[in-house]
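# Inside the fold
Chain residues, written in single-letter form:
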Amino acid sequence: VQLQASGGGVVQAGGSLRLSCATSGFTFTDHEIGWFRQAPGKEREFVAAINRSRYTYYGDSVKGRFTLSRDNAKNTVFLVMNNLAPEDTAVYYCAADDRIIVSSYYSDTAYDYWGQGTLVTVSS
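First, a word on what this report is: a plain description of the structure on this page. (Residues numbered from 1 in each chain as written. Predicted model: local features only at pLDDT ≥ 70, side-chain atom pairs only at ≥ 80, totals over all residues. Heavy atoms only, no water.)

### Remarks on the overall build of the protein
Within the protein, the regular secondary structure consists of zero helices and 11 strands. Taken over the C-alpha trace, the protein has a radius of gyration of 13 Å; the compact-globule value for 124 residues is 14 Å, and the two agree within 12%. Burial status across the protein gives 46% buried among its 124 residues. Working note: accessible area of the protein is about 6200 Å², and carbon and sulfur atoms make up 46% of it. On the protein, the mean spot of the 11 positive side-chain charges and the mean spot of the 12 negative ones are 5 Å from each other. (Helix = DSSP H or I, 4+ residues; strand = E, 2+ residues; numbered from the N terminus. Rg over C-alpha atoms; globule rule 2.2 N^0.38 Å. Buried < 20%, exposed > 50% of the residue type's maximum accessible area, 1.4 Å probe, protein only. Areas by Shrake-Rupley, 256 points an atom, 1.4 Å probe, with all protein chains shown as cover. Lys, Arg positive; Asp, Glu negative; His and termini not counted. Charge placed at Lys NZ, Arg CZ, Asp CG, Glu CD.)

### Observations concerning the state of the cysteines
If you walk through the whole model with that rule in mind, you get one disulfide. Paired through a disulfide, Cys-21 and Cys-94 show a sulfur-sulfur distance of 2.2 Å. Here the S-S torsion is close to 75°, and the disulfide linking Cys-21 with Cys-94 is therefore right-handed. Linking Cys-21 in strand E3 (residues 17–24) with Cys-94 in strand E9 (residues 90–97), this pair joins segments that are 73 residues apart in sequence. In this pair, the class of Cys-21 matches that of Cys-94, namely buried. (Disulfide = S-S within 2.5 Å.)

### A few points about the sheet that holds strand E8 (residues 76–81)
Taken together, the four strands give an open sheet; going across it, the order is E1-E3-E8-E7, and neighbouring strands pair in antiparallel fashion. Strand pairing shows two members of the sheet lacking a second neighbour, strand E1 (2–6) and strand E7 (66–71), which therefore form its edges. Ignoring strand direction, the axes of neighbouring strands in this sheet form an average angle of 15°. As defined by bridge partners, E7 adjoins E8 across six bridges and the pair is classed as antiparallel. Bridging across to E8, Thr-67 finds its partner in Val-80. (Pairing = 2+ DSSP bridges. Axes fitted to C-alpha atoms, helices over the stretch in contact; angles between N-to-C directions.)

Quick look at the structure:
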């Protein structure tokens, strides 16, 4: 099982980035995919998740700014991040699991498979 997060970089406040999470080694359409982030000195925080029916969940801090989608033909999910702010600076991780109940999408312990992370830096 592999999850490869990419697309991070340095962007000015108000800018946009698109993160990708390319997956392999499991049946993509049977899995839910989540994104989490961790800033220096802080706990890992839920960002967004998408289930196999393409229903999406968002953390309060990113609602209205971030959009998560999945391309089942490419086994990849995309996180479009708009109107970025310095507080969005973090390492972003994608994760996957095939047995997540609705109330657990927001918990990092619900996901068995994790990617290596991609760094997003937003300058003010």
